[in-house]
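So you can see what is in the structure, the chains are spelled out below.
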Amino acid sequence: MRRRSIQSTSVASSSSRHLDPPTNPHPRRTLDWVPIIWHRIRALLQVLVAVVLRKCWGSVPSRPGSTSYRESAEDDHNNTSMGDLDRLPTDVFVQVLKLLGPKEAARSGLVCKSWKVLVSDNRLWVFFLTHGKHPFDTVVFAETHLRSGPMMYFDHSQQISFMHIFAERAIVPGAIIVDGGSGYCKYGWSKYAAPSGRCATFLEFGNLESPVHSRLHHFFSTIYSRMQVRASSHPIIVSVPICYSEDTEAARASRRQFREAIYSVLFDMNAPAVCAIDQAVLALYAARRTSGIVVNIGFNVISVVPILRGKVMHQVGIEVLALGALKLTGFLKELMQQRNINFQSLYTVRTIKEKLCYVASDYDAELRKETKRSCEVASEGLFTLSKECFQTGEILFQPHIGGLHSMGLHQAVALCMNHCLAAEVATNDGWFKTIILAGGTSCLPGLPERLEKELHKLLPPLISEGIKVIPPPYGTDSAWFGAKIISNVSTFRDAWCITKKQFRQNSRRISGD
């Protein structure tokens, strides 16, 4: 050990000589040396750990199954002293482990008992998870609420080992995510930072007169082709759009048949495992919630969906308004035509809506102001709007302004909350007071604040107290990111997916009943 310590010191001395930077007339360029210094410090620390591990395991036979291996491993592991290394302060040693990274830190736990205790400390692995690919609060939410799958059961009395969670998440296979959407579909690889492509939704794909099975097959084949992957290579998560929302036997049968058609098509294409989840539920998970009301402003309609512990409460009632994004775009088009503002297509109007429109906190007060906003649209030039900027979004609360015969968004949400309270489906009446917005139009600035304000005016204090309206956490891609959270849960494959064998067995059981 002494000789190897001298060797390590000589390596460090040699390396430090090489680290002396040359004279630099430009001090800012010395920052270029930071990655080099970091890399060499990390390499030296890895050498140190390698030396210690060789000391402990060097004499152990290479056959893991042999008796001598087990005895030697037990003897070395029970050794609680590392000589001079025991003098290293604990906080310094923990900093060394952080610099080494999770892989080398885990290996260090094999040295002795005292090192194992330090390595298995939750605080160390919280550090690694915090500096990982995913936000730490999202990891904690996923591993405490979604680990058991759709049943949402978690034993909070059980101590969480972040070291085990880190190890399990590291080996979770990636998945293909397909968010059906209502205006267009988003798809991509779960390890990507965002969806990699968009296409028409499977509700609109292909010939509308073709059988659903044929259209779904065409839809998924197109996505696999665009992603250049084989269907058999990865699990797939499918976001199921909100449809057949009534709580009737016919609607329940239609929802079941549509979901089974998705499973059947994907298993016929040899997908190894499939997870199909309601789009509104995924938007809820993206906001790190398992209960609440999701207000999804889709392409054609607005759906107000109550969800309790990850389950859509059809028995409570889903409110549907004919006030989708297309209505807002059409209304802005009419306002622009009234002012003789020329444009080439509806796509131009939609782009202007996304760039300039907002929801006023006080509509009457906003009318008395001088408003003027401008934006540039590629190949069409500069567009300037006035009151149209906030009149467009106002039809969400006053549909009659746009000639629509419908209740306002705030009235639909209030109605849903009243139904949730009357249903008494949970002992905690606060589960429905969290409202999550989803869909592209829900990204309009000012919408969360205005909706919360209108609900406080409309509802009695018993219900309105504690209401919180949350804007879309990931903009138009909230459902896709909700699926991404599920795909990285340490128990994803076992808790959330079903295989072809399980699907066939379940189908036979249902048909036998």
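Below you will find a few notes about this structure. In this text, all values refer to a predicted model and were calculated from it rather than measured experimentally.

Below, the discussion takes up the overall build of the protein chain. Helix and strand counts for the protein chain come out as 22 helices and 13 strands. The buried share of the protein chain, taken over its 513 residues, is 44%. Pairs at least 24 residues apart make up 65% of the contacts formed inside the protein chain by residues separated by at least 6 positions.

Time to look at the pattern of salt bridges. One pass over the structure, following the stated rule, counts 15 salt bridges. Between glutamate 366 and lysine 369 there is a salt bridge whose closest N-O contact spans 3.5 Å. For the salt bridge of arginine 450 with glutamate 454, the shortest nitrogen-to-oxygen distance reads 2.9 Å. Residue arginine 450 and its partner glutamate 454 are located together in helix 18 (residues 447-458), separated by 4 residues, close to a single helical turn. For arginine 450, a relative accessible area of 5% translates into the label buried. Each member of the salt-bridge network shares a partner with another, and the members are Glu143, Arg147, Glu168 and Arg169.

Attention shifts here to the environment of serine 487. By the element assignment, serine 487 lies in helix 20 (residues 478-487). Residue serine 487 is classed as buried on the basis of its relative accessible area, which comes to 1%. Sequence separation between serine 487 and glycine 174 is 313 residues; the distance between their C-alpha atoms is 6.9 Å. Apart from residues lying up to four places away in sequence, serine 487 is in contact with Val172, Pro173, Ala175, Ile177, Ser190, Ile237 and Phe492. Within the structure, serine 487 has its side chain in polar contact with the backbone oxygen of lysine 484 (distance 2.7 Å).

Attention now goes to the nonpolar core. Counting 53 residues, the largest nonpolar core has Val295 and Ile435 as the members making the most contacts within it. At 7 residues, helix 17 (residues 409-423) tops the list of elements feeding residues into this core. Each residue touching isoleucine 435, except ones within four places of it in the same chain, is listed here: Ile293, Val295, Val413, Met417, Leu451, Leu455, Ile467, Lys468, Val469 and Ile470. With 35 residues, the next largest nonpolar core counts Phe141, Ala287, Ile436 and Phe492 among its residues.

Our focus in this paragraph is the pairing of strand 4 (residues 236-240). Burial runs high along strand 4: 5 of the 5 residues are buried. Here strand 4 shows a buried face lined by Ile236, Val238 and Val240 and a second buried face lined by Ile237 and Ser239. With 4 bridges joining them, strand 1 (residues 176-179) and strand 4 adopt parallel strand pairing. Paired with aspartate 179 across the strands is serine 239, a residue of strand 4. For strand 4 and strand 5 (residues 274-278), the ladder comprises 5 bridges, and the chain directions are parallel.

As a packed pair, helix 8 (residues 136-145) and helix 9 (residues 162-170) sit with axes 12 Å apart at the nearest point and diverge in direction by 90°. Of the possible angle classes, the one that applies to helix 8 and helix 9 is roughly perpendicular. Where helix 8 abuts helix 9, its residues Phe136, Val139, Val140, Ala142 and Glu143 lie against Phe162, Ile165 and Arg169. Taken together, the residues that form the contact of helix 8 with helix 9 break down as 6 nonpolar, no polar and 2 charged.

With that out of the way, let us pick up the pairing of strand 2 (residues 185-189). Successive side chains on a regular strand alternate, one facing one side of the sheet and the next facing the other. Counting buried positions over the 5 residues of strand 2 gives 5, a clear majority of the element. Burial of the side chains of strand 2 extends over both faces: Cys185, Tyr187 and Trp189 are buried on one face and Lys186 and Gly188 on the other. Linking two consecutive strands that pair antiparallel, namely strand 1 and strand 2, is a turn of 5 residues; a positive phi of about 65° is found at glycine 181 within it.

All chains considered together, the criterion is met by 11 aromatic pairs. For the pair tyrosine 358 and phenylalanine 390, a centre-to-centre distance of 6.1 Å together with 50° between the ring planes defines the contact as tilted. With tyrosine 358 in the loop between helix 14 (346-356) and helix 15 (363-367) and phenylalanine 390 in helix 16 (residues 388-394), this residue pair connects regions lying 32 residues apart in the sequence. According to the relative accessible area criterion, tyrosine 358 is buried, its value standing at 10%. The exposure class of phenylalanine 390 is buried, given its relative accessible area of 0%. Look at tyrosine 474 and phenylalanine 481: their rings are 4.2 Å apart centre to centre, the planes differ by 10°, and that puts the pair in the stacked class. Under the relative-accessibility criterion, tyrosine 474 is labelled partly exposed at 27%. For phenylalanine 481, a relative accessible area of 12% gives the class buried. An aromatic cluster of at least three residues, connected via ring pairs, comprises Phe141, Tyr285 and Trp496. Sitting over the ring of phenylalanine 397, arginine 450 keeps its end group 4.5 Å from the ring centre.

Looking at the element boundaries, lysine 433 is found in the loop between helix 17 and strand 12 (434-438). Of the side chains bearing the opposite charge, glutamate 465 lies closest to the buried lysine 433, which forms no salt bridge; the N-O distance is 6.0 Å. A distance of 2.9 Å separates a polar atom in the side chain of lysine 433 from the backbone oxygen of glutamate 465. The residues touching lysine 433, leaving out its near neighbours within four places in the chain, are Met417, Leu462, Ile463, Glu465, Gly466, Ile467 and Lys468.

Parameters at a glance
Residues numbered from 1 in each chain as written. Predicted model: local features only at pLDDT ≥ 70, side-chain atom pairs only at ≥ 80, totals over all residues. Heavy atoms only, no water. Helix = DSSP H or I, 4+ residues; strand = E, 2+ residues; numbered from the N terminus. Buried < 20%, exposed > 50% of the residue type's maximum accessible area, 1.4 Å probe, protein only. Contact = heavy atoms within 4.5 Å. Salt bridge = Lys/Arg side-chain N within 4 Å of Asp/Glu carboxyl O. Polar contact = N/O pair within 3.5 Å; in protein donor to acceptor, adjacent residues only side chain to side chain. Core = buried A, V, L, I, M, F, W, Y, C linked by side-chain atoms within 4.5 Å. Pairing = 2+ DSSP bridges. Axes fitted to C-alpha atoms, helices over the stretch in contact; angles between N-to-C directions. Parallel < 35°, antiparallel > 145°, perpendicular 65-115°, else oblique. Nonpolar A, V, L, I, M, F, W, Y, C, P; charged D, E, K, R; others polar. Phe/Tyr/Trp six-rings, centres within 6.5 Å; stacked < 30°, edge-to-face > 60°. Lys NZ or Arg CZ within 6 Å of the ring centre and 35° of its normal. Lys, Arg positive; Asp, Glu negative; His and termini not counted.

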